[in-house]
Amino acid sequence: MIDMTALRTKMVDGQVRPSDVTDHRIIEAMLDIPREAFVPPSMAGLAYLDRNLPVSADGRTRCLIQPMVLARMIQAADIGADDVVLEVGCASGYGAAVMARLASSVVALEEDEALADMASAALSGLGVDNVAVVRGPLAAGYPDEAPYDVILVNGAVEVMPDALAGQLKEGGRLVVVVGVGQAARGMLYTRSQAGVSGRVVMNASVPLLPGFAKAPAFEF
């Protein structure tokens, strides 16, 4: 029988801590939350691998991003106990579960119906009561609960819709991986009275989220 607690500890000690993740709240959450609850049962034994783990029905479109990448993105967001967080592309809900330990509440947006159902079931099964899983197009964000203290985009984008930045509070932070492949960078954007400014916080490569690809160029 697989010792999931031991695998969870190995993930944190071997992947998360060595990646300059020092926020003890993130570390404690990842030590405690069973990542295997957020993958199909047949993949439970793979839940703690250092890789992007497919969770969508087609086995490739959507995934749980690498634990250390998620941890560094959450750390960059600097989530406070009173913060309201929007997660864009919650997939099966693991990232929302981690951020729920840090924030006042999390709005977990997902447009894939099966993944939204999976996230709702996993979060409910673990007794997480400060996450609301909502459905809608990812690129539109979720204006009904805006503005947010933090927006975390759980996947890569090639273009950043104005809708997301527009849903940040003043002083709010948006964390996202911009680009694909070796050119991708984890970015932290902050809204101030002067507008939105950004800086690189890490190198990362994660799958592109639907709705965030560049429009194809015309060929003549």
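The model shown is predicted, which means the values in this text are computed figures rather than measured ones.

1. Thoughts on empty space enclosed by the protein
Step number 1: Counting across every chain of the model gives two cavities of 30 Å³ or more.
Step number 2: One number sums up the size of the largest cavity: a volume of about 60 Å³.
Step number 3: What lines the largest cavity is simply Thr61, Arg62, Cys63, Ile65, Gly89, Ala91, Asn154, Gly155, Pro207, Leu208 and Leu209.
Step number 4: The class makeup of the residues in the lining of the largest cavity is six nonpolar, four polar and one charged.
Step number 5: Space inside the second largest cavity adds up to approximately 50 Å³.
Step number 6: Looking at the second largest cavity, the residues that line it are Arg35, Cys63, Leu64, Ile65, Leu70, Cys90, Ala91, Tyr94, Gly95 and Asn154.
Step number 7: Counting residues per element, the ones that place at least two in the lining of the second largest cavity are strand S2 (63-64) and helix H4 (94-100).
Step number 8: In terms of residue class, the lining of the second largest cavity is built from seven nonpolar, two polar and one charged.

2. Some remarks on the packing of helix H1 (residues 4-16) against helix H2 (residues 24-32)
For any two helices packed against each other, the geometry is given by the interaxial angle and the distance between the axes.
Step number 1: The contact between H1 and H2 brings their axes to 8 Å, and the two run at 145 degrees. For the pair H1 and H2, the sense of crossing is right-handed. Contact residues: Arg8, Thr9, Met11, Val12 and Val16 in H1; Ile27, Met30, Leu31 and Asp32 in H2.
Step number 2: Grouping the amino acids of the contact of H1 with H2 by side-chain chemistry returns six nonpolar, one polar and two charged.

3. Overview of unusual backbone geometry
Step number 1: Across the junction of Ala146 and Pro147, the peptide omega takes the value 5 degrees, indicating a cis bond.
Step number 2: Within the fold, Pro147 resides in the loop between strand S5 (131-135) and strand S6 (148-157).
Step number 3: Of note in the backbone geometry, Ala91 takes a positive phi value of approximately 55 degrees without being a glycine.
Step number 4: In this structure Ala91 comes out as buried when scored by relative accessible area, which is 2%.

4. Here we look at the pattern of salt bridges
Step number 1: For the structure shown, the criterion picks out nine salt bridges.
Step number 2: Ionic pairing is found between Asp83 and Arg173, a salt bridge with its closest N-O pair at 3.0 Å. Of this pair, Asp83 sits in the loop between helix H3 (67-77) and strand S3 (84-88) while Arg173 is found in strand S7 (residues 168-178), placing the two residues 90 residues apart along the sequence.
Step number 3: Its relative accessible area of 15% is what places Arg173 among the buried residues.

So, how was this worked out
Residues numbered from 1 in each chain as written. Predicted model: local features only at pLDDT ≥ 70, side-chain atom pairs only at ≥ 80, totals over all residues. Heavy atoms only, no water. 1 Å grid on protein atoms, 1.4 Å probe; cavity = no way out; pocket = protein on both sides within 12 Å on 5 of 7 lines; lining within 4 Å. Points joined across faces, edges and corners; volume = space filled by probe spheres on them. Nonpolar A, V, L, I, M, F, W, Y, C, P; charged D, E, K, R; others polar. Helix = DSSP H or I, 4+ residues; strand = E, 2+ residues; numbered from the N terminus. Axes fitted to C-alpha atoms, helices over the stretch in contact; angles between N-to-C directions. Left-handed = near helix turned anticlockwise from the far one by under 90°. Contact = heavy atoms within 4.5 Å. Buried < 20%, exposed > 50% of the residue type's maximum accessible area, 1.4 Å probe, protein only. Salt bridge = Lys/Arg side-chain N within 4 Å of Asp/Glu carboxyl O.

Everything listed here is a matter of geometry and, on its own, says nothing about what the molecule does.
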